[in-house]
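For reference, the chains in residue letters:
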Amino acid sequence: MNFKSTIGFEVHFELKTKSKIFSPSPVTYGAKPNTATNVIDWAMPGVLPYVNKNVYRLGIMVALATHAHILPNTHFDRKNYYYPDSPKAYQITQFFQPLARDGYVDIEVHGKKKRIGIHEMHIEEDAGRNAHGTNGYSYVDLNRQGVPLIEVVSEPDITDPDEGYAYLEKLRKVVQFTGASDVKMEEGSMRVDTNISIRPAGQKKLGTKVEMKNLNSFEHVRKSLAYEEKRQQQVLLSGGRVQSSTRRFDEASGKTVLERVKEGDADYRYFPEPDLAPYHISQDWVDKIAKKMPTSAEDRYDEYVNKFGLKPYDANVLLQTKESSDFFDKAVAAGADPRLAANWMNTQVNGYLNDNRVSLSDIKLTPEHLAAMIKLIKDGTISSKIAKKVFAETITKGTDPKKYVEDKGMVQLSDTSVLQPMVTKVVDANPQSVEDFKNGKDRAIGYLVGQIMKQTRGKANPKVVNKLLNQELQSR
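Calculation notes
- Residues numbered from 1 in each chain as written.
- Predicted model: local features only at pLDDT ≥ 70, side-chain atom pairs only at ≥ 80, totals over all residues.
- Heavy atoms only, no water.
- Salt bridge = Lys/Arg side-chain N within 4 Å of Asp/Glu carboxyl O.
- Helix = DSSP H or I, 4+ residues; strand = E, 2+ residues; numbered from the N terminus.
- Buried < 20%, exposed > 50% of the residue type's maximum accessible area, 1.4 Å probe, protein only.
- Pairing = 2+ DSSP bridges.
- Contact = heavy atoms within 4.5 Å.
- Axes fitted to C-alpha atoms, helices over the stretch in contact; angles between N-to-C directions.
- Domains from an automatic or database assignment.
- Parallel < 35°, antiparallel > 145°, perpendicular 65-115°, else oblique.
- Left-handed = near helix turned anticlockwise from the far one by under 90°.
- Nonpolar A, V, L, I, M, F, W, Y, C, P; charged D, E, K, R; others polar.
- Core = buried A, V, L, I, M, F, W, Y, C linked by side-chain atoms within 4.5 Å.
- Phe/Tyr/Trp six-rings, centres within 6.5 Å; stacked < 30°, edge-to-face > 60°.
- Lys NZ or Arg CZ within 6 Å of the ring centre and 35° of its normal.

Attention shifts here to the pattern of salt bridges. Following the criterion strictly, the structure yields 24 salt bridges and no others. Between arginine 222 and glutamate 219 there is a salt bridge, and its shortest N-O distance comes to 3.1 Å. Linking arginine 222 with glutamate 219, this pair stays in helix α3 (residues 218-237), spanning three residues, or about one helical turn. Residue classification places arginine 222 among the partly exposed positions, given a relative accessible area of 24%. The class for glutamate 219 is partly exposed, based on a relative accessible area of 30%. The residue lysine 288 makes a salt bridge to aspartate 284 at a minimum N-O spacing of 3.4 Å. Taken together, the residues span about one helical turn, with lysine 288 and aspartate 284 both in helix α4 (residues 283-291) at a distance of four residues. Sharing partners across several salt bridges, the network here consists of Arg300, Lys322, Asp326 and Asp329.

Listed below in structure tokens is the structure:
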């Protein structure tokens, strides 16, 4: 029997604001527990929330980037449930009138393009975190309480784990390039919940969905969905019934594990938040935000390939993160040759970042430094070999490339009046190489170039040396 899968995602992105959604507490990561909080986060009696306008601005950017329809009139609602890390015993979210509806992202899987619909997106507050100690006690950290989130709810348009993986990758990149979120799954600023159900092929009625929450990598999403497809198929083929439930993915076994069975839909008793007035979004404000939107990854790709002449692979490597793409763009704006800049970014810079486990924001190298170094290579001031020494100095100490080259006497030797006598002397001293050259052995040139580079301690301009050597050998 053949089965068809139906998959949907609920993805939470932490919006990149300095303060929380309903309080002035700072948004931090890794701070000492309960130090980034105030009385509003603690839900002390008599306190009132107020909306951080920047949360709406960032949310609108995500809505625009995903082609969603922004609702002009929104309001917040109370979602009532009790958890130890939620001191109000309810969450302020948007249920009846969310930020936006009816968006989409386009994906490509196995050479085929597909459009995945977005049902809605709404902004809400995050809850705190529970930590379970080894001493038998549990602890609550409310630093995350009230951190602003945007939840993107897909339509059930996804039919297999590969499509799910592609959707998450595309959505992550779209959101990241708006600058609205840093989308770091390892820090919890992107979290994925998924629902999957299967049904016999040809059956119109959807099967019973199973939920998997807080998956912390795209690969875990793909593996958990693939496992669930097989597990649910086995249940149905054996005559059983799939239970509505919440499961978690166990990384060690590669299986999903039952957490709780759902007897019915949760009744959160939503009602409009009485402490917050409805919020109107004017079209004029939306238009102003749209004009200031950063360039999307798709538009940058077109520019890199069609305008700068980069290979698709190199363009995609640069576009892995907005940080990398922005760095490259600034280097090119500072005068760097695009192809050389891409080559240095994708090899030397990325190699350093990977080896030292740091990010671009942690290094001393600036886009202007990279551009200056590339100019020195292009105009023949330094060789590629010397450039690597300059790069090592600049990326660790922030030294100006041009000044470093001048101070260390690294300027490449290109003066033909100085090089020609060396070339003549080297050719005279190596008659066998002359003979090899006349017999069509190209390696003879390489050997002679190496001799001159040795004499000049690597400072001779290889292009000039090659030209002079060819002229000298042709005349023999």
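A word on the sheet that holds strand β5 (residues 90-93). Taken in spatial order, the three strands make up an open sheet running β5-β4-β15, and their pairing is antiparallel. The open sheet has two edge strands, β5 and β15 (271-272), and neither has a second partner. In terms of strand pairing, strand β4 (residues 77-80) meets β5 through four bridges, oriented antiparallel. Residue pairing for β5: arginine 78 is matched across the bridge by isoleucine 92.

All right, on to the sheet that holds strand β14 (residues 255-261) then. Reading across from one edge, β2-β6-β7-β10-β1-β11-β12-β13-β14 is the order of the nine strands in this open sheet, with mixed pairing throughout. In this open sheet, the two strands that pair with only one neighbour each are β2 (69-70) and β14. Running over the sheet, helix α1 (residues 53-65) touches β2, β6 (100-109), β7 (112-125) and β10 (148-154) and is turned about 165 degrees from β7. Strands in contact with helix α2 (residues 161-176) are β1 (3-14), β6, β7, β10 and β11 (190-200); relative to β6, the strand with the most contacts, it is inclined by about 120 degrees.

So, about the domain arrangement of the protein chain. Partitioning the protein chain into structural domains gives domain 1 (3-280), domain 2 (295-408) and domain 3 (416-475). Between the C-alpha centres of domain 2 and domain 3 there is a distance of 32 Å.

Glancing now at the packing of helix α7 (residues 322-333) against helix α9 (residues 367-378). It is the contact of α7 with α9, at a shortest axis distance of 8 Å, that shows an interaxial angle of 50 degrees. When the axes of α7 and α9 are compared, the pair comes out oblique. In the packing of α7 onto α9, the handedness of the crossing is right-handed. Each of Phe327, Lys330 and Ala331 in α7 lies in contact with α9, whose residues at this interface are Pro367, Leu370 and Ala371. Residues of the contact of α7 with α9, tallied by class, amount to five nonpolar, no polar and one charged.

Attention now moves to the nonpolar core. With 54 residues, the main nonpolar core has Phe9, Phe13, Met121 and Tyr167 as its most contacted residues. The element best represented in this core is α1, accounting for seven residues. Residue contacts for phenylalanine 9: discarding those within four places in its chain leaves Val152, Val153, Ser154, Ile158, Gly164, Tyr167, Leu168, Val192, Asp193, Thr194, Val221 and Leu225. Of all hydrophobic cores here, the second largest spans 37 residues; its members include Trp344, Leu370, Leu376 and Val405.

The description of two aromatic rings rests on the distance between their centres and on the angle between their planes. Following the criterion strictly, the structure yields 14 aromatic pairs and no others. Between phenylalanine 9 and tyrosine 167, the ring centres sit 5.7 Å apart and the planes meet at 15 degrees, which makes this aromatic pair stacked. Separated by 158 residues along the polypeptide, phenylalanine 9 in strand β1 and tyrosine 167 in helix α2 bring together distant segments of the chain. No difference in accessibility class separates phenylalanine 9 from tyrosine 167, as the two residues are buried. In this structure, arginine 115 packs its charged tip against the face of tyrosine 104, placed 3.7 Å from the ring centre. One cation-aromatic arrangement involves arginine 222 over tyrosine 165; the distance from NZ or CZ to the ring centre is 3.8 Å.

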